[in-house]
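What follows is the residue order along each chain.
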Amino acid sequence: ETGVTQTPRHLVMGMTNKKSLKCEQHLGHNAMYWYKQSAKKPLELMFVYSLEERVENNSVPSRFSPECPNSSHLFLHLHTLQPEDSALYLCASSQDYAGWGETQYFGPGTRLLVL
Amino acid sequence: GQQVMQIPQYQHVQEGEDFTTYCNSSTTLSNIQWYKQRPGGHPVFLIQLVKSGEVKKQKRLTFQFGEAKKNSSLHITATQTTDVGTYFCGGGSNYKLTFGKGTLLTVNP
């Protein structure tokens, strides 16, 4: 399954570091998503981009900053994170951004540990 | 906002036993989707149900969508060790999928 790739796969960072997560989709999709997956919690939708425009920002702290330079690439810039931000960050894509909720194709995720 | 509850949170079965997980939404859904996440892996799409009362089968897996389009179930007949993982439902409406917490299935060989 190489439709959606994410790098790095694992990341350890201190609270004062700045790092970026990268996602690339090879499916020709028009929408891309960032999710946070923590233990014992549902998948939390963070951001949605449709045709490179941000269409959703679910009350995410400003220490997370997304960027979508084109429809195939999505970044999540991380700055002064907190230990509670440690989680699996999943990127996903869908054909379009539609009212009924499109099928999501997930990348392998970046497992982030904030010390 | 929309909430999707999924039960049970965990289920341990002996190989060969059946397994069912249930999903309930606080609002009427446009569709329900099911995903499987293997340990250490990422969610992988299994199926989408759209119509009220719809039933779909994939080999030993049977998926149902309730008449009111607010609940769904996934049933696995005669579980195998390869069925191990977390099964998530995602309720589709308002341009997004709202996921349940998932049911972690473990199978004792």
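Quantities reported herein were computed from a predicted structural model and do not represent experimental measurements.

S.K.: Would you mind going over the overall build of chain A with me for this structure?
M.R.: A count of helical and extended segments in chain A gives zero helices and eleven strands. Traced from its N-terminal end to its C-terminal end, chain A shows the element sequence β-β-β-β-β-β-β-β-β-β-β. Nonlocal contacts in chain A, meaning residues at least 24 apart in sequence, comprise 55% of its contacts between residues at least 6 apart. Counting every atom, chain A has about 5400 Å² of accessible surface; 50% of that belongs to carbon and sulfur. Taken together, the 10 basic and 11 acidic charged side chains of chain A have centroids lying 12 Å from each other.

S.K.: Sorry, what's going on with the overall build of chain B here?
M.R.: Counting its secondary structure elements, chain B contains zero helices and eleven strands. Along chain B, helices (α) and strands (β) appear in the sequence β-β-β-β-β-β-β-β-β-β-β when read from the amino end. In summary, chain B has a C-alpha radius of gyration of 13 Å against a globular reference of 13 Å for 109 residues, a match within 12%. Principal-axis analysis of the C-alpha atoms places the extent of chain B at approximately 40 × 25 × 20 Å. Relative to its full complement of 109 residues, chain B shows a buried share of 46%. Here the analysis covers contacts within chain B between residues at least 6 apart in sequence; of these, 54% occur between residues at least 24 apart. Just so you have it, chain B exposes about 5200 Å², and 51% of that area is on carbon and sulfur atoms. Between the mean site of the 11 positive side-chain charges and the mean site of the 6 negative ones, chain B shows a separation of 11 Å.

S.K.: What's the story with the sheet that holds strand β7 (residues 64–70) of chain A in this structure? I'm lost.
M.R.: Residue and element names in this part refer to chain A. The antiparallel open sheet is built from four strands, whose spatial order is β1-β3-β8-β7. The sheet terminates laterally at β1 (4–7) and β7, the two strands that pair on one side only. Along the sheet, successive strands turn relative to each other by an average axial angle of 20°, direction set aside. The pairing of β7 with strand β8 (residues 73–79) spans five bridges and is antiparallel. Each residue of the ladder has a partner; that of Asn 70, found in β8, is His 73.

S.K.: Help me understand the state of the cysteines, please; the structure alone is not making it clear to me.
M.R.: Two cysteines, two sulfur atoms, one covalent bond between them: this is a disulfide. If you walk through the whole model with that rule in mind, you get two disulfides over all chains. Note that Cys 23 of chain A is cross-linked by a disulfide to Cys 91 of chain A, the S-S spacing being 1.9 Å. Here Cys 23 of chain A and Cys 91 of chain A share a disulfide; its torsion about the S-S bond, -70°, makes the bridge left-handed. Pair noted here: Cys 23 of chain A is in strand β3 (residues 18–25) and Cys 91 of chain A is in strand β9 (residues 87–94), with a separation of 68 residues, a long-range link. Accessibility expressed as a relative area gives 0% for Cys 23 of chain A, which makes it buried. With a relative accessible area of 0%, Cys 91 of chain A lands in the buried category. Paired through a disulfide, Cys 23 of chain B and Cys 89 of chain B show a sulfur-sulfur distance of 1.8 Å.

S.K.: Would you explain the sheet that holds strand β3 (residues 19–25) of chain B in this entry?
M.R.: Whenever strands of a sheet pair, they do so through backbone hydrogen bonds, lying parallel or antiparallel. Residues and elements named next belong to chain B. Spatial ordering of the open sheet is given by β1-β3-β8-β7-β6, a layout of five strands whose pairing is antiparallel. Lying at the two open borders of the sheet, with one neighbouring strand each, are β1 (4–7) and β6 (55–58). Across the sheet, the mean angle from the axis of one strand to that of its neighbour is 15°, orientation sign disregarded.

S.K.: In this structure, what is going on with the interface of chain B and chain A? I would like to understand it.
M.R.: A common measure of how large an interface is: the accessible area buried when the components associate. Counting from both sides, the interface comprises 23 residues of chain B and, opposite them, 23 residues of chain A. Approximately 1800 Å² of surface area, both sides summed, lies buried where chain B meets chain A, with 56% of it carried by carbon and sulfur atoms. A per-residue breakdown of the area chain B buries against chain A is headed by His 42, Tyr 95 and Phe 99 of chain B, which together make up 35% of the total. With its nearest N and O atoms 2.9 Å apart, the salt bridge here joins Lys 96 of chain B to Glu 56 of chain A. The interface formed by chain B and chain A contains six residue pairs in polar contact (both at pLDDT 80 or more). No other element matches the four residues that strand β4 (residues 31–37) of chain B contributes to the side of chain B that touches chain A. Across the side of chain B that touches chain A, the residue classes tally to nine nonpolar, twelve polar and two charged.

S.K.: Any chance you could explain the side chain of Ser 38 of chain A here in plain terms?
M.R.: Among the secondary structure elements, Ser 38 of chain A is positioned in the loop between β4 (31–37) and β5 (44–50). Once residues within four sequence positions are removed from consideration, Ser 38 of chain A is found in contact with Glu 44 and Ala 87 of chain A.

The rules behind the values
- Residues numbered from 1 in each chain as written.
- Chains lettered and ligands numbered in written order.
- Predicted model: local features only at pLDDT ≥ 70, side-chain atom pairs only at ≥ 80, totals over all residues.
- Heavy atoms only, no water.
- Helix = DSSP H or I, 4+ residues; strand = E, 2+ residues; numbered from the N terminus.
- Contact = heavy atoms within 4.5 Å.
- Areas by Shrake-Rupley, 256 points an atom, 1.4 Å probe, with all protein chains shown as cover.
- Lys, Arg positive; Asp, Glu negative; His and termini not counted.
- Charge placed at Lys NZ, Arg CZ, Asp CG, Glu CD.
- Rg over C-alpha atoms; globule rule 2.2 N^0.38 Å.
- Buried < 20%, exposed > 50% of the residue type's maximum accessible area, 1.4 Å probe, protein only.
- Pairing = 2+ DSSP bridges.
- Axes fitted to C-alpha atoms, helices over the stretch in contact; angles between N-to-C directions.
- Disulfide = S-S within 2.5 Å.
- Buried area = accessible area lost by both parts, 1.4 Å probe.
- Salt bridge = Lys/Arg side-chain N within 4 Å of Asp/Glu carboxyl O.
- Polar contact = N/O pair within 3.5 Å; in protein donor to acceptor, adjacent residues only side chain to side chain.
- Nonpolar A, V, L, I, M, F, W, Y, C, P; charged D, E, K, R; others polar.

Coordinates in, geometry out; function isn't part of it.
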